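Summary of structural features
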Amino acid sequence: MPVNYLEITQQIKKIGGKAADYNRDLDDKKEKLKIIMEQYSCQNEFLQNLVNQVLQTNNKLRCAVPLEESLTARLQAADVDEPYAILAADGSQINPNRHDRIPFGVINTGAFLIKPGQNIAPREFIRSRLLSYEEVYTDEGLLSERNVGLMRDYYEREILAELAQLNDQKPLLALTDGPLELYHEQLETRTYREYLAGFVKALSALQKKECIVAGYIDKPYSDLVVRLLELTLLKKEEYANVGKKRFFSGVTDRTLFDELLYTGERSAIFRIQSASSEQLKADLTPHFFYFKPQNSNQTINVLARVEIPAWIARNPRQVNLLQYALNEQCKQLGSKPYPYSLHRAHEIAVVHLHEKNELENRILSELQNKNIPIENGSQKQENKNLQVSRTRYSK
Amino acid sequence: MSMIEIGRLLRAGTKGCVVGCKITQIDVPALGGMVKIPIDPNKGYQAYGLIHEINIDDDGLVRQLVTSDTVSPEVILDNRLNRNVPVEISVLFVGHSDQGKISHLLPPRPPLTMDMIYTCSQEEICEFSGQKRFGYFRHLLQAKDLPLGEVLAAHLQQAALAHQTCGDKGWPKKAAQELITLLRDDYNTLMNVLSALADTNIEFK
């Protein structure tokens, strides 16, 4: 049945009616936040101590922690003359689906190497991995989409570490799309611990190779800085319930930094305080800054969050190169600024539906050749697969 | 005799085919150029064709890149060499050869996907186009939706040069006379073709 547009239209009108009030509320919160941000803009030590105090009563605190730069800092990158290279990686996956005739999993990892300013054709790399029986059929049951995502994140770093070893160009930037920290639920599972260990090993290899590692998050919805500023309004007895009492829910960091930063500028660097970021310690501790790339489309605001490990965060020269390189990469796509190398890595990695179908047929063919009995797909899926378009007898 | 590969077959039919080639190979094929496709080299069976269209497609990313103020040379190289948007060359079949014997009839069997396509040497052009009759002209004249005047002019220019090298300076005149005869009842097309030929540097002696 088609969507009942008449019914939905009434609900859309209700949302529209409430939208103005909601936006007014957000604007009001944003103005208050800006005042608090200005008030504490140069009180980094105070904020660091405040975070430590709250942590003593609540180790689940998740917020940004300022380093040395002012909260309201706006920094342009200095031009870079030295040649550098960028290695970007992305992954795509096929999740085992119990409704299919044969549940199978694939992780496709793509990487793209470009050397800006050197007039050399970029290179593409691809690794396609069909998951084994042991990986698909786990002790906990069929491998979940969440765990396939975890594996994908790991393989992205693994290919970066592997290719970095083969590349002599320095400096070398190693980029991925998404957060640097391996944020997944079920932190205590064996699967998570195994992949976290591999993830840490890959990052350490990149550090050893002196790579500038970064995760690029487009249109971030995080509120790490907002949560930091909310701490200044809490009473001591409220520390244990931090996160439950919100003063500025709905306001994201983006609303603050979108107005603050001009094109090409980055914000101050912050450390991420969270339970999951505890998994990456010392030199690997995740940090971030907000970044407004050059944008030829004046009608839209584009802001990204760039996550970097501690060893990059404390190196101003590497941070500058990263910011400069990201800006140059985003410029390539004109009115839709996004790092060109990351987009190409995505293009290399992406798995299309027809490819999934082709792989399924090949696996089924192999099993049939081995006289392995094959189940039918679920009747639910079989009926979904029925042709939806209509045919006519005569022209 | 060295063969210059210009690409591989994407799709084919009875009357023609489409060839895909990398942007780095684009220097080789030209409009009106004669090409050959070995279909069964063991039996000396190959198809001959004339290039009548060269297409360079875009996609969403290329359309986005062209709107940018600055596109780096590396990004241009990436799109020309790496991304799967080949140059597509449309070829009209004009004949074939079987065990060394040339015929201006269409190839009985079209080539297969991924078959290699080569430019014809001057000797091959002379051999094919120097047959007693210009039978292969009919394939061009019957084809629809191709720039007939331009393709014929480009082909005659290339073939005239080949025949001059092979010692037949009178070939262009014979070819032009045949075209006039074939198009005597189609004034508009004839004028179009003659106009295009007039723009070439062929000497019709």
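See the structure printed just above.
Figured I'd write up the structure that's included with this text. Quick caveat, the model's predicted, so the values are computed rather than measured. Residue numbering note: each chain is counted from 1, following its sequence as written. A letter from A marks each chain and a number from 1 marks each ligand, given out in the order of writing. Residue-level local features of this predicted model are given only where pLDDT is at least 70; pairs of side-chain atoms are given and counted only at 80 or more, and the full residue set underlies all totals for whole chains, interfaces and linings. Only hydrogens and water are set aside; all other atoms, that is, all heavy atoms of the structure, feed into the side-chain values.

Here the focus is the overall build of chain A. Strands are runs of DSSP state E lasting at least 2 residues, helices are runs of H or I lasting at least 4, and numbering of each runs from the N terminus. Along the backbone of chain A there are twelve helices and 13 strands. When its C-alpha atoms are laid out on the principal axes, chain A stretches across 70 × 60 × 50 Å. Pairs at least 24 apart in sequence give 76% of the contacts found in chain A among residues at least 6 apart. Areas reported here follow the Shrake-Rupley algorithm with a probe of radius 1.4 Å; residue values treat only the protein chains shown as occluding. For chain A, the accessible surface area stands at approximately 21,200 Å², while carbon and sulfur atoms represent 49% of it. Only four residue types enter the charge count, namely Lys and Arg as positive and Asp and Glu as negative; His and the chain termini do not. One atom stands in for each charge, and that atom is NZ of Lys, CZ of Arg, CG of Asp or CD of Glu. Put simply, chain A has 52 plus and 52 minus side-chain charges, and the middle of one group is 4 Å from the middle of the other. Here, two residues are considered to be in contact whenever any of their heavy atoms come within 4.5 Å of each other.

Here the term buried applies to any residue with accessible area under 20% of the maximum for its type, exposed to any over 50%, and partly exposed to those in between, with areas from a 1.4 Å probe on protein chains only. Among all positions in helix α7 (residues 253-260) of chain A, only D253(A), R254(A), L256(A), F257(A) and D258(A) are buried. Among the structural elements, α1 (5-39), α6 (224-231), β11 (270-273) and β12 (286-291) of chain A are those in contact with the buried residues of α7(A).

Attention shifts here to the interface of chain A and chain B. The partner chain B presents 18 residues to the 23 residues of chain A that form the contact. Together chain A and chain B conceal approximately 1,500 Å² of surface at their shared face, both sides included; 50% is due to carbon and sulfur atoms. A carboxyl oxygen of Asp or Glu within 4 Å of a side-chain nitrogen of Lys or Arg is what we treat as a salt bridge. At the surface where chain A touches chain B, the tally comes to two salt bridges. Among the salt bridges present, the one from R344(A) reaches D78(B), with a minimum N-O distance of 2.5 Å. Here a polar contact means two N or O atoms within 3.5 Å. Within protein one must be a hydrogen donor candidate and the other an acceptor candidate, and residues neighboring in sequence count only if both atoms are side-chain atoms. Summed over the shared surface of chain A and chain B, the number is 13 residue pairs in polar contact (both at pLDDT 80 or more). For the side of chain A that touches chain B, the elements supplying multiple residues, two or more each, are β4 (106-114), β5 (123-130) and α10 (340-349) of chain A. Broken down by element, the side of chain A that touches chain B gets its largest block of residues, four residues, from α10(A). For any pair of parts, buried area is found by adding up, for both, the accessible area (1.4 Å probe) each one loses once the two are put together.

Looking at the secondary structure, you find E156(A) in helix α4 (residues 145-166). Setting aside its immediate chain neighbours within four residues, E156(A) contacts A89(A), D90(A), G91(A), T109(A) and T176(A).

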